[in-house]
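If you want the building blocks of each chain, they are given just below.
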Amino acid sequence: MKRILHLSDPHFGAADPSIATAFLELAAAMAPDLTILSGDLTMRARRRELKAAREFVNALPQPRLVIPGNHDIPGMNQPVDRFFQGFDRYRSAICDDLEPGLKLPGVHVVSLNSSRAFGIHADWSEGRLSRRQLISLREQFQTNSAGPLRILVLHHPLLALQIPGRAVVKPLAGLMQALEDVRVDLVMCGHFHRSQLRATGLGGVWKTLISQAPTVCSTRLQGEPQGFHEFQISDDHIQATHHVFEDKSFVPAGSSAFARLENGWNEVKM
């Protein structure tokens, strides 16, 4: 049995320190085999925000994997840093590698940086993946055929919400095809500050379990409390639990069970 914690969007600079502490205390008690943080550690990559984020990351249970989000790029009021040194502060404070990978017994994790400092599109907060990144995703997983659980981590979401102006990562169809081709088991992302857990695929050939985690400790809520996802994994079964912050502590809010069949991951009755 493996336990993996997935958290996202702490947004230091707009975070509640008491909730951050509550998460760290619970995470330490849970003693996970892996902890994954899927971006937006800060609000605007200010140095004081990155300092708080670094202290939080250093206190997370190990092994851990952390990636940046679109808020980890300096704001428009710092044009030089944004346009010419977009991730320099993040690299210096958190991790030099913007797309870290990790191999553990039975688990292979690949990450893609979906955040961009600017682009030809109107909304620069949207997530984008390049053709090169999709090729890299295929190559990294194709070279590992031993059968471990395959996890992809990115910041921007794959599952849409019925909220105007909240777009999923692009190109979604290209990414979903890659997930199907290399049989990715689990995708972990954030950005919307809303919890979603769903097994899905392009056409039924292969279903990947998508984990879109809420904000773990930010005060910038989107209709639900702070929370995180816990995965307990055993052979071809996953139990996913959504924890929410309630009355000074995190408590389970609901669980779903998934089984890996010939067509990928399918939700089953618990």
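Conventions adopted
Residues numbered from 1 in each chain as written. Predicted model: local features only at pLDDT ≥ 70, side-chain atom pairs only at ≥ 80, totals over all residues. Heavy atoms only, no water. Pairing = 2+ DSSP bridges. Helix = DSSP H or I, 4+ residues; strand = E, 2+ residues; numbered from the N terminus. Axes fitted to C-alpha atoms, helices over the stretch in contact; angles between N-to-C directions. Contact = heavy atoms within 4.5 Å.

Caption draft 1: Fine view of the sheet that holds strand 13 (residues 264-268). Taken in spatial order, the seven strands make up an open sheet running 3-2-1-10-11-12-13, and their pairing is mixed. Among the strands making up the open sheet, the edge pair consists of strand 3 (64-67) and strand 13. Each neighbouring strand pair of the sheet contributes to a mean axis angle of 25°, computed without reference to strand direction. Sheet analysis places strand 10 (residues 227-234) next to strand 11 (residues 237-246), joined by eight bridges and oriented antiparallel. Across the sheet, residue Glu230 finds its bridge partner in strand 11, namely Thr241.

Caption draft 2: Up close: the pairing of strand 13. As paired strands, strand 12 (residues 249-261) and strand 13 are joined by five bridges and run antiparallel to one another. When the sheet's bridge partners are listed, Ala257 is paired in strand 13 with Val268. Two successive antiparallel strands, strand 12 and strand 13, enclose a turn made up of two residues.

Caption draft 3: Here's a closer look at the environment of Leu7. Note on placement: Leu7 falls in strand 1 (residues 2-7). Every residue in contact with Leu7, bar those within four places of it in the chain, is listed here: Phe23, Thr35, Ile36, Leu37, Ser38, Phe56, Leu60, Ala213, Val216 and Phe228.

Caption draft 4: Inspection of the sheet that holds strand 5 (residues 107-111) at higher detail. Ordered in space as 4-5-6-7-9-8, the six strands form an open sheet in which the pairing is mixed. Looking along the sheet, the strands with just one partner apiece sit at the ends: strand 4 (102-104) and strand 8 (196-200). When strand polarity is set aside, the average angle formed by the axes of neighbouring strands in this sheet is 15°. Pairing analysis gives three bridges linking strand 6 (residues 149-153) to strand 7 (residues 186-189), with the strands arranged parallel. For Leu152, the partnering residue across the bridge sits in strand 7 and is Val187. Sheet strands in contact with helix 5 (residues 131-142) are strand 5 and strand 6, and its direction is about 165° off that of strand 5.

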